[in-house]
Amino acid sequence: MKTDELIGLLGNSFEREPAGTPWMTRQLALAVAVGATVALCLALAFLGLRPGLTQARPLLFLALKVAFAVAVGGLALRYLARAARPGGESRVHLGVVALPFLAVAALAGVSLSMTPPEHWHGQISGHTWLECLVSIPVIAIVPFAVVMWAVRRFGAPTDLVRAGALVGLSAGAVSALGYSLHCMDDTVPFVAVWYGGTIAICTLVGAFLGPRLLRW
């Protein structure tokens, strides 16, 4: 029997009763925590902590960035724990994962509606869009490797594309969390476009690499 046929049989056998995930969730949560710690250390070591965190506005936007990253990462972990087990992908609802992105996009739309159109470019691009575009995917490399290893070590996914995408999503989220401690662009459209966009890039990379790195 070929490997692909075995995977298909396992997936079918768990179609109605997906494998339990409490133990898997604990293992992946540990991997995500390690990845988040590494992301924070890398961001602080190479980029530094932003100044002005004793003031209200920087703290407010730091809270927004952290809340967005934590919401994305939490949902990614929840569904990755399911997708990492045979048959568990049937319980993964990708529409729910999109909710934090839709929420921050809606807030960005409200913010732009209250801003004169001539200032929209500054609201969206800020001063460090290129740094953000590069930094979050680069910082995500180590968390991605750690979480991918955990899925290979403790899991047995049958939908490798979906599992890989969720690995990338979780890595992008913890990387964005680390980068938020340095980021000095404080507008909601910036967070929606560049945080959301770079996390989406990490997700696509994960979906591309999943079948190659998670194959049994």
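Everything discussed here concerns the structure shown above.
Figured I'd write up the structure that's included with this text. (Residues numbered from 1 in each chain as written. Predicted model: local features only at pLDDT ≥ 70, side-chain atom pairs only at ≥ 80, totals over all residues. Heavy atoms only, no water.)

Remarks on the overall build of the protein
Point 1. Of regular secondary structure, the protein possesses ten helices and zero strands.
Point 2. Each helix and strand of the protein, placed in order from N terminus to C terminus, yields the pattern α-α-α-α-α-α-α-α-α-α.
Point 3. Each of the 216 residues in the protein was classed as buried or not, and the buried ones make up 48%.
Point 4. Within the protein, counting contacts between residues at least 6 apart in sequence, those at least 24 apart form 86% of the total. (Helix = DSSP H or I, 4+ residues; strand = E, 2+ residues; numbered from the N terminus. Buried < 20%, exposed > 50% of the residue type's maximum accessible area, 1.4 Å probe, protein only. Contact = heavy atoms within 4.5 Å.)

Describing the environment of G168
Point 1. By secondary structure assignment, the location of G168 is in helix α9 (residues 160–180).
Point 2. C-alpha separation for the pair G168 and P143, spaced 25 residues apart in sequence, amounts to 8.9 Å.
Point 3. When near neighbours in sequence (up to four residues on either side) are disregarded, G168 contacts F144, C202, T203 and G206.

Details of the side chain of T115
Point 1. Mapped onto the secondary structure, T115 falls in the loop between α5 (99–113) and α6 (120–125).
Point 2. Here the side chain of T115 touches S111 through a polar contact of 2.8 Å, landing on its backbone oxygen.
Point 3. For T115, the residues in contact, after removing those within four places along its chain, are W120 and Q123. (Polar contact = N/O pair within 3.5 Å; in protein donor to acceptor, adjacent residues only side chain to side chain.)

A closer look at the packing of helix α7 (residues 129–139) against helix α8 (residues 141–154)
Point 1. Their axes nearest at 4 Å, the elements α7 and α8 cross at an angle of 30°. Taken together, α7 and α8 sit at an angle that is classed as roughly parallel. Where α7 abuts α8, its residues P137, V138 and I139 lie against I141, V142 and P143.
Point 2. Classifying every residue of the contact of α7 with α8 gives six nonpolar, no polar and no charged. (Axes fitted to C-alpha atoms, helices over the stretch in contact; angles between N-to-C directions. Parallel < 35°, antiparallel > 145°, perpendicular 65-115°, else oblique. Nonpolar A, V, L, I, M, F, W, Y, C, P; charged D, E, K, R; others polar.)

A word on the environment of P143
Point 1. Structurally, the position occupied by P143 is in helix α8.
Point 2. Note: C-alpha distance between P143 and A36 (107 residues apart in sequence) is 6.8 Å.

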